[in-house]
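# Working through the structure, step by step
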Amino acid sequence: MSKLAITTFTLLIFSKILLGQEPKTIHIKEAIDPIKIDGLLNEDSWTQAEKGSDYWLNFPTDTSRASSQTELMFTYDDRFIYVGAKLYAPDDATYVTPSLRRDFRGAGNDMFTIAFDTFDDLTNAFQFGINPFGVRREGLVSNGGAQRGNLSLDWENKWYGEATQHEGYWMVEMAIPFKSIRYKEGNLVWNINSYRIDSHTGERSIWNPVPRNFALYSLAHTGKLVWDKAPKKPGANVSVIPYVSGNTVKEGGYLNRDDQQQIPRSTESSFDAGFDAKVALGPALNLDITVNPDFSQVEVDRQVTNLDRFEIFFPERRQFFLENADLFSEFGADGLRPFFSRRIGVSRDENTGVNVQNKINFGARLSGKLNNNWRLGVLNMQAAAINDIDLPQVNYTVTALQRKVFNRSNVGLIFVNKQDLANKSNTSFNQFNRVVGLDYNLASADNSLNGKFFYHRTFEKDDSQNSFAASANLLYSTINWQIEGLAQKVGNGYNPEVGFARRNNYERGALSLRKNFYPNSGAIQRISPGIETEVYTNDTNGTTDSQVSLGLELAMLNTSNIRLSVNRSYIYLFRAFDPTRNNNERLPADTDYEYTNVEAFFSGDTRKPFYLTVFANAGGYYNGNRLGLGGNLNYRVLPYGLVTMNFNYNRIRLPEPYGSADLFLIGPRFDITFTKKLFWTTFIQYNNQIDNLNINSRIQWRFKPVSDVFIAYTDNYFPDDFRNKNRALVIKVTYWLNL
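Along each chain, residue indices are assigned from 1 in the same order as the chain's sequence is written. Restriction of local features to residues with pLDDT of at least 70 applies here, the model being predicted, together with a cutoff of 80 or more for giving and counting side-chain atom pairs; totals for whole chains, interfaces and linings are based on all residues. The side-chain figures draw on all heavy atoms in the structure; neither hydrogens nor water molecules are used.

### Looking at unusual backbone geometry
- In this structure, proline 60 follows phenylalanine 59 across a cis peptide bond, with omega equal to 10°.
- In this description a helix means any DSSP run of H or I spanning at least four residues, a strand means any run of E spanning at least two, and both kinds are numbered starting from the N terminus. With respect to the helices and strands, the residue proline 60 is situated in the loop between strand 2 (56-59) and strand 3 (70-76).
- A cis amide bond links leucine 638 to the next residue, proline 639, at an omega of -5°.
- Phi angles above zero are rare outside glycine, and asparagine 505 is one such case at about 60°.
- Mapping asparagine 505 onto the fold places it in the loop between strand 28 (500-501) and strand 29 (506-515).
- The class for asparagine 505 is partly exposed, based on a relative accessible area of 33%. Relative accessibility thresholds used throughout: buried, under 20% of the residue-type maximum; exposed, over 50%; partly exposed, between the two (1.4 Å probe, protein chains only).

Below, the structure is given as structure tokens:
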């Protein structure tokens, strides 16, 4: 680790400022009459419930109370915890929702949200939200909500909620089953917080105040929910989610756009069935089982223009891998993960270098809390053999153990094992690949100081040398300053086959500094100039990559955002590379390039029916230049849906003989919600970099809570003459059954 990095970390530690405030408290009493979830709050239980009020602003400032106030209240019975809220608004207020689809998000929508940290660990929480149209969302907060991005809305579970609109206010009524959340039996106090987004005023307000430099879901700033009687153990909690599906797949056509010989088409139809099961082993530990899982209903990845030398990361969307996902997926750092669940179910054909789907036969996951201080996760998946590419059956096992230390920090241990248990591997497949890792996640009580320190090592049959990854990162954040330092070292033998490592054999140092200014008047809410620098080196070549960026960010009172930066970059090529990724002449290995470019980004006011996001760059690019323009145009048809046009254009000009390219990615998307139970989504993606036109259309009918019918259609063409590559039609039915 360099002297600069050590000095930076030392300054960050000793510059920490301690802040303190007494958290708000609200009491919950047992209901005295039955609660009907109709969004009216007219039961006697609500009349007598204690009211939480005085919501404090988080945006555009955090120094005053919200102009549109909210009243928060709770009650419960033997099955549910009930949440009620009355949200005041001007008499002429109109409300905004992106559509009637569940799991909406964004600062331009009206929303009421409640979060429960049921174990009082200030690290993990369950979040439930609803908008004035009665559209619901649920999510999981991880890592204490320390940074934006620590909220996942991919988690799903059963709960109920309604909202009603009235002159001068709207009301919310929620019923959350005790069986749908995890909590410590006998605990009389839960950490909670509630926030609201108001599209009419643009305000974001929260019950227990959170400084504006932190996300609204920061768990370092929660209040207290005090029970009159501790909630009891919810009893037996077993759910089975069976599915049946049928699909037709048509393959064939031309091998590539230049091949005039058409190969025979093949059409295959199949019927499949399987199930998932959820078994609660106590109030805080859950066993998930999947047999013959099918993920055909998962929305396709959005295509991107790839101008990078390294692999692109796409997020996990498969429901089985999502609950308590942070236990497994948050080890390591971005671009350097020892475990990445999307590696399971995908294998590589070593003959062609193409990724192929690898069917999962069965799997199980045990995850949750052992007590207030310990969390455990164990995952085991068995993938089928693929005889055509000589791939044996592969078993994946992951074990993660996490111990809370100090106020909000934790230490974690992870073990990952990918193995051919039958020991039938050939020379192209490693018999096993293993990772052992130790992580320390630092989070101060007031969230002003966050960090991560880890050491991971991979093990393979050939006993590779230098198979380690080590990293240290610290982030210091206050209202006025944000300072971050990073130091990493990765050996040339580090190879986490079930993880995500963009590269190895490097030392990396990075430092960023940003200052926030808050004007007292005008259209600008925050002005943030900053500087960032990053350097990669190795013992053989010295500096291999570096970048220095000077930037400016403007956050506007109308919720729009502007970012500008000037970047100076240096790149050394270890191997020949085509910067266009478009089959042009490659730049030779062992050459280096230094260039300057400028970048700009604008996101509009998402409360408006029409809004846009635009990003642009211009300047040098390796030994030539590049002009790029991209973004999306959005039109909202309230409340039924959103029509979006995604676009990306890159004009690359390199000197002869390396060629040039005009790369287009155009993708209209139609997201239509006929009702809160019937949704239709269609993507059309034209990408000339990979010579493909893709159509993906999906209908979802939620006929009961967490029970669905899916119809998904996918088609791929060569865009020049619409010769078909392949197409598929899938019909799938799932049903959530509580036993």
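### Some thoughts on the side chain of asparagine 450
- Its place among the elements puts asparagine 450 in strand 25 (residues 449-460).
- Accessibility expressed as a relative area gives 7% for asparagine 450, which makes it buried.
- Under the rule applied, a polar contact is a pair of N or O atoms within 3.5 Å (in protein, one hydrogen donor and one hydrogen acceptor; residues adjacent in sequence only if both atoms are side-chain atoms). For asparagine 450, the side chain forms a polar contact with the main-chain oxygen of asparagine 447, separated by 3.0 Å.
- Setting aside residues no more than four positions away along its own chain, asparagine 450 makes contact with Ala146, Leu442, Ala443, Asn473, Leu474 and Leu475. Note on contacts: a residue pair is in contact if any heavy atoms of the two residues lie within 4.5 Å.

### Quick look at the pattern of salt bridges
- Salt bridge, as applied in this entry: a Lys or Arg side-chain nitrogen positioned within 4 Å of an Asp or Glu carboxyl oxygen. Tallying each qualifying case throughout the model produces 33 salt bridges.
- We note a salt bridge from glutamate 138 to arginine 102, for which the minimum N-O separation is 2.6 Å. One end of the pair, glutamate 138, is in strand 7 (residues 136-141); the other, arginine 102, is in the loop between strand 4 (80-88) and strand 5 (111-117), and 36 residues separate them in sequence. Arginine 102 matches glutamate 138 in its accessibility class, with the two residues each being buried.
- A salt bridge links glutamate 594 to arginine 568, with the shortest nitrogen-to-oxygen separation between them at 3.6 Å. Note that glutamate 594 is positioned in strand 33 (residues 591-603) and arginine 568 in strand 32 (residues 561-573), a separation of 26 residues in sequence.

### Quick word on the environment of phenylalanine 112
- When you line up the elements, phenylalanine 112 lands in strand 5.
- Classification of phenylalanine 112 as buried rests on a relative accessible area of 0%.

### Examining the side chain of glutamine 69
- Inspection of the secondary structure assignment puts glutamine 69 in the loop between strand 2 and strand 3.
- Polar contacts involving the side chain of glutamine 69 include one to the main-chain amide nitrogen of tyrosine 55, which spans 2.8 Å.
- Setting aside its immediate chain neighbours within four residues, glutamine 69 contacts Ser53, Asp54, Tyr55, Lys86, Leu87, Tyr88 and Arg196.

### With respect to the pairing of strand 21 (residues 374-383)
- In terms of burial, strand 21 is a largely internal element, seven of the ten residues being buried.
- The sheet contact formed by strand 20 (residues 360-369) and strand 21 spans nine bridges and is antiparallel. Residue pairing across strands places arginine 365 opposite leucine 379, the latter belonging to strand 21.
- What sits between strand 20 and strand 21 in their antiparallel hairpin is a turn of four residues. Strand pairing is defined by DSSP finding a minimum of two bridges between the two strands.

### Comments concerning the packing of aromatic side chains
- Each Phe, Tyr or Trp ring (for Trp, its six-membered ring) is paired with any other whose centre lies within 6.5 Å, and the angle between the two planes then decides the class: stacked below 30 degrees, edge-to-face above 60, tilted in between. Considering all chains together, one arrives at 34 aromatic pairs under this definition.
- Between phenylalanine 126 and tryptophan 155, the ring centres sit 5.6 Å apart and the planes meet at 50°, which makes this aromatic pair tilted. Of this pair, phenylalanine 126 sits in strand 6 (residues 125-130) while tryptophan 155 sits in the loop between strand 8 (151-152) and strand 9 (160-166), and the two are 29 residues apart along the sequence. When sorted by exposure, phenylalanine 126 lands in the same class as tryptophan 155, which is buried.

### Thoughts on the pairing of strand 25
- Both strand 24 (residues 432-443) and strand 25 contribute to a ladder of eleven bridges, which runs antiparallel. For glycine 437, the partnering residue across the bridge sits in strand 25 and is histidine 456.
- The antiparallel pairing of strand 24 with strand 25 creates a hairpin that spans five residues between the two strands, and asparagine 447 there sits at a positive phi of about 75°.
- Examined bridge by bridge, strand 25 and strand 26 (residues 468-477) share nine bridges and lie antiparallel to one another. The residue of strand 26 that forms the bridge with arginine 457 is phenylalanine 468.

### Points about the confidence of the model for the protein
- A score from 0 to 100, pLDDT tells how confident the predictor is in each residue. Mean pLDDT over the protein: 89, with 93% of residues reaching 70 or higher.
- Across the protein, element-level confidence peaks in strand 3 with a mean pLDDT of 98 and bottoms out in helix 1 (residues 3-14) with 43.
- In this model residues 1-20 is a low-confidence stretch, pLDDT under 50, and it forms 30 contacts with partners more than four residues away in sequence or in other chains.

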